[in-house]
Amino acid sequence: MKITILGAGAWGTALAVTLARKHDVVLWGRNAQAMQEAGRQRENRLYLPGFALPDALQVTSDFDAAVGHVCGEPQTSLLIVASSVAGLRGLAGQLRGHPIPNLVWLCKGLEEGTRLLPHQVVQQVLGSAIPAGVLSGPSFAQEVARGLPCALTIAGADAALCARVVAAVHGGNIRIYSSDDLVGVEIGGAVKNILAIATGVADGLQLGLNARAALITRGLAEITRLGVALGGRPETFMGLSGVGDLILTCTGDLSRNRRVGLGLAQNKKLDDIVAELGHVAEGVRCAKAVRELAQEKGIDMPITDAVAAALFDGVSVQEMVSRLLSRDPREETL
């Protein structure tokens, strides 16, 4: 199968490394110099250092050539967007006018300002005629690049597209499940990043494993409340893109969003934390958008509110914890 991956960050590169072992893959990045160096050195030292790029993997900064690689029969080609949510609209705009057979994105979050989910951004820019979906689930780029076991979910309304993604990606150390709950899968992938910041704060303040378990559990309730209100199915949040991704991002040391929380617990400034990461931490942008969306829909999301207050309202992490602990008791429901 011919596959093009637009976006040469850590996750896009890791997936390209994996898929190039059995498919004809092109990896595109907008930084011409970085892509030239990656092609020459056979390593993406900027975003995924230490992992060799397979000889068969083509690396380019030529957008038209990269997209042209997959503008053939839908059954034999796949276009994957591996940008951040902030970059999705721009890339979708660049795709207008190209005969795209299908489209899959990897990004997790809500668009800042519009508060749209990725599939809504794609539909706004490209319409709904192109078979499209999201590939999501618990997946650290470094582990995927190392060939360690991983399970993901492809979600979309087009069953043929989902089957095509399963055929392309499933196998070896990667298992792929399919779902038609696009909203549920995207909400799970978005909100878990905010909760990972909260868990990082709790761990950084040494509040203990009991507090971590409580945050993850009640965080899952917040994800489910919002997701169901937007049209997702409750059972989706019990799956890979829900509780699975939540557990990984909240507890894994490779989680960038968790590291944001650890930095806040050390009283570091947000700008300094993000600069140290050197990568996008989607939970930061997403916290503001989700807080606004929850308020608009009248959905109670206290952990999200507390994280947004610590990130944007000047509230200390100690006050953030105090606000959560001082809430009135209630029945344990969603």
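How each quantity is defined
- Residues numbered from 1 in each chain as written.
- Predicted model: local features only at pLDDT ≥ 70, side-chain atom pairs only at ≥ 80, totals over all residues.
- Heavy atoms only, no water.
- Helix = DSSP H or I, 4+ residues; strand = E, 2+ residues; numbered from the N terminus.
- Disulfide = S-S within 2.5 Å.
- Buried < 20%, exposed > 50% of the residue type's maximum accessible area, 1.4 Å probe, protein only.
- Right-handed = clockwise from strand over helix to strand, strands pointing away.
- Axes fitted to C-alpha atoms, helices over the stretch in contact; angles between N-to-C directions.
- Parallel < 35°, antiparallel > 145°, perpendicular 65-115°, else oblique.
- Left-handed = near helix turned anticlockwise from the far one by under 90°.
- Contact = heavy atoms within 4.5 Å.
- Nonpolar A, V, L, I, M, F, W, Y, C, P; charged D, E, K, R; others polar.
- Salt bridge = Lys/Arg side-chain N within 4 Å of Asp/Glu carboxyl O.

Trainee: Any details on unusual backbone geometry? Residues and values, ideally.
Mentor: Even without a glycine there, the phi angle at Arg42 is positive, about 55°. Note that Arg42 resides in the loop between α2 (32–41) and β3 (58–60). In this model, Gln206 sits at a positive phi of 55°, which is unusual for a non-glycine residue. Note that Gln206 resides in the loop between α8 (182–204) and α9 (209–229).

Trainee: Would you mind going over the state of the cysteines in detail, with residue names and values included?
Mentor: On inspection of all chains with the given rule, the structure shows zero disulfides. The closest cysteine sulfur to the non-disulfide-bonded Cys71 is located on Cys107, 19 Å from its own sulfur. Cys107 provides the cysteine sulfur closest to Cys286, a residue in no disulfide bond, and the two sulfurs are 11 Å apart. Overall, the relative accessible area of 1% leaves Cys286 in the buried class.

Trainee: Which residues make up the pairing of strand β4 (residues 77–81), and what values go with them?
Mentor: Of all the five residues making up β4, five are buried; the element is thus mostly covered by neighbouring parts of the structure. Along β4, one buried face is formed by Ser77, Leu79 and Val81 and the opposite face, lined by Leu78 and Ile80, is buried too. Taking the sense of rotation as the criterion, the β-α-β connection linking β4, helix α4 (residues 85–95) and strand β5 (residues 103–105) turns out right-handed.

Trainee: Describe in detail the packing of α8 against helix α14 (residues 302–312), supporting the description with residues and values.
Mentor: Where α8 contacts α14, the two axes come as close as 9 Å, and the packing angle between them is 65°. Put simply, α8 runs roughly perpendicular to α14. Between α8 and α14 the crossing geometry is left-handed. Contacts between α8 and α14 pair Val191, Ile194, Leu195, Ile197 and Ala198 from the former with Ile303, Thr304, Val307 and Leu311 from the latter. Looking at the contact of α8 with α14 residue by residue, the classes come out as eight nonpolar, one polar and no charged.

Trainee: Residue-level account of the pattern of salt bridges, with values.
Mentor: For the structure shown, the criterion picks out 17 salt bridges. Note that Lys108 is salt-bridged to Asp245, the shortest N-O span being 2.7 Å. Placement of the pair is Lys108 in the loop between β5 and α5 (118–126) and Asp245 in helix α10 (residues 240–251), with a sequence separation of 137 residues. Across the pair, exposure class does not vary: Lys108 and Asp245 are buried alike. A salt bridge links Glu235 to Arg233; the nearest nitrogen and oxygen atoms lie 3.1 Å apart. Residue class for Arg233 comes out partly exposed when judged on its relative accessible area of 34%. Each of Asp203, Arg212, Asp253 and Arg258 takes part in a single network of salt bridges with overlapping partners.

Trainee: Can you tell me about the packing of α4 against α5, naming the residues and giving the values?
Mentor: In contact at an axis separation of 9 Å, α4 and α5 are set at 25° when each is read in the N-to-C sense. Classed by the angle they form, the pair α4 and α5 counts as roughly parallel. Crossing of α4 against α5: the hand is right-handed. In this structure, α4 uses Val85, Leu88, Arg89, Ala92, Gly93 and Leu95 to contact α5, whose residues at the interface are Pro118, Val121, Val122, Gln124, Val125 and Leu126.

Trainee: Residues and numbers for the environment of Ala32, please.
Mentor: In this fold, Ala32 is placed in helix α2. Residue classification places Ala32 among the partly exposed residues on the basis of a relative accessible area of 34%. It is 7.6 Å that separates the C-alpha atoms of Ala32 and Thr60, two residues lying 28 residues apart in sequence.

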